[in-house]
Amino acid sequence: MIPITEQSSLYDNLETKSVEELTSAINQEDHKVAKAIQEVLPQVNCLITAIVNKLKNGGRMFYIGAGSGGRLSVLDVIELPTTYGLPKGIYNAVLAGGEDLAHRCTGRNGG
């Protein structure tokens, strides 16, 4: 297996680049995302339709995550019922390390 973090990248030595070079590189990468999604839109649409059908027929959705991504999934689970009127329990978050990690403060002693 080749270590990904040790491979050469178009974006090695970011600290040596100017603001203009950095923002141009970010913008170029953003264009790649839109093109990649456009190429698979039929599959994305099919997936969304399948998910909606499952949810309408009593299915549930689980976000599984760690770190910041896991914590952001908790915000979705909290917001969906209050903002969109969805019943609680349809969308659920499963956090690496357990639910109590979402409540811990970081950056303090004992943390």
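Everything that follows concerns the structure shown earlier in this document.
An account of the accompanying structure is given in this report. (Residues numbered from 1 in each chain as written. Predicted model: local features only at pLDDT ≥ 70, side-chain atom pairs only at ≥ 80, totals over all residues. Heavy atoms only, no water.)

Some words on the overall build of the protein
Broken down by element type, the protein carries three helices and two strands. In the protein, the succession of α and β elements from N to C terminus is α-α-β-α-β. By the burial criterion, 11% of the 111 residues in the protein qualify as buried. In the protein, once contacts between residues fewer than 6 apart in sequence are set aside, the share between residues at least 24 apart is 49%. Accessible surface for the protein amounts to roughly 9300 Å². Of this, 58% is attributable to carbon and sulfur atoms. (Helix = DSSP H or I, 4+ residues; strand = E, 2+ residues; numbered from the N terminus. Buried < 20%, exposed > 50% of the residue type's maximum accessible area, 1.4 Å probe, protein only. Contact = heavy atoms within 4.5 Å. Areas by Shrake-Rupley, 256 points an atom, 1.4 Å probe, with all protein chains shown as cover.)

Here we look at the packing of helix α1 (residues 19-39) against helix α2 (residues 41-56)
How two helices pack is summed up by the angle between their axes together with the distance between the axes. Look at α1 against α2: their axes get within 5 Å of each other, and the N-to-C directions meet at 70 degrees. Taken as axis vectors, α1 and α2 run roughly perpendicular relative to one another. Facing Ile37, Gln38 and Glu39 of α1, the residues of α2 in contact are Leu41, Pro42 and Gln43. For the contact of α1 with α2, the per-class residue count stands at three nonpolar, two polar and one charged. (Axes fitted to C-alpha atoms, helices over the stretch in contact; angles between N-to-C directions. Parallel < 35°, antiparallel > 145°, perpendicular 65-115°, else oblique. Nonpolar A, V, L, I, M, F, W, Y, C, P; charged D, E, K, R; others polar.)

Observations regarding the environment of proline 81
Structurally, proline 81 is set in helix α3 (residues 67-84). Residue classification places proline 81 among the buried positions, given a relative accessible area of 17%. When neighbours within four sequence positions are excluded, proline 81 is seen to be in contact with Leu86 and Lys88.

A few points about a nonpolar patch on the surface
On the surface, Val33, Ile37, Val40, Leu41, Val44, Ile48 and Val52 cluster together to form a nonpolar patch covering roughly 510 Å² of accessible area. With four residues, α2 is the single largest residue contributor to the nonpolar patch. Looking at the secondary structure, you find valine 44 in helix α2. Looking at valine 44, the relative accessible area reads 31%, which means it is partly exposed. (Patch = residues over 30% accessible without salt bridge, like charges linked within 9 Å, V, L, I, M, F, W, Y side chains within 5 Å. Salt bridge = Lys/Arg side-chain N within 4 Å of Asp/Glu carboxyl O.)

What to know about the nonpolar core
Counting five residues, the largest nonpolar core is built from Leu55, Val77, Leu80, Ile90 and Tyr91. Those residues in contact with isoleucine 90 that lie beyond four places of it in its chain are Leu55, Gly59, Arg60 and Met61. (Core = buried A, V, L, I, M, F, W, Y, C linked by side-chain atoms within 4.5 Å.)

Thoughts on the side chain of serine 73
As for its position among the elements, serine 73 is in helix α3. Excluding its chain neighbours within four sequence positions, the residues that come into contact with serine 73 are Tyr63, Ala93 and Leu95.

Describing the side chain of asparagine 92
Tracing the backbone through its elements, the reader meets asparagine 92 in strand β2 (residues 91-95). At a separation of 3.4 Å, a polar atom in the side chain of asparagine 92 contacts the main-chain carbonyl oxygen of isoleucine 90. (Polar contact = N/O pair within 3.5 Å; in protein donor to acceptor, adjacent residues only side chain to side chain.)

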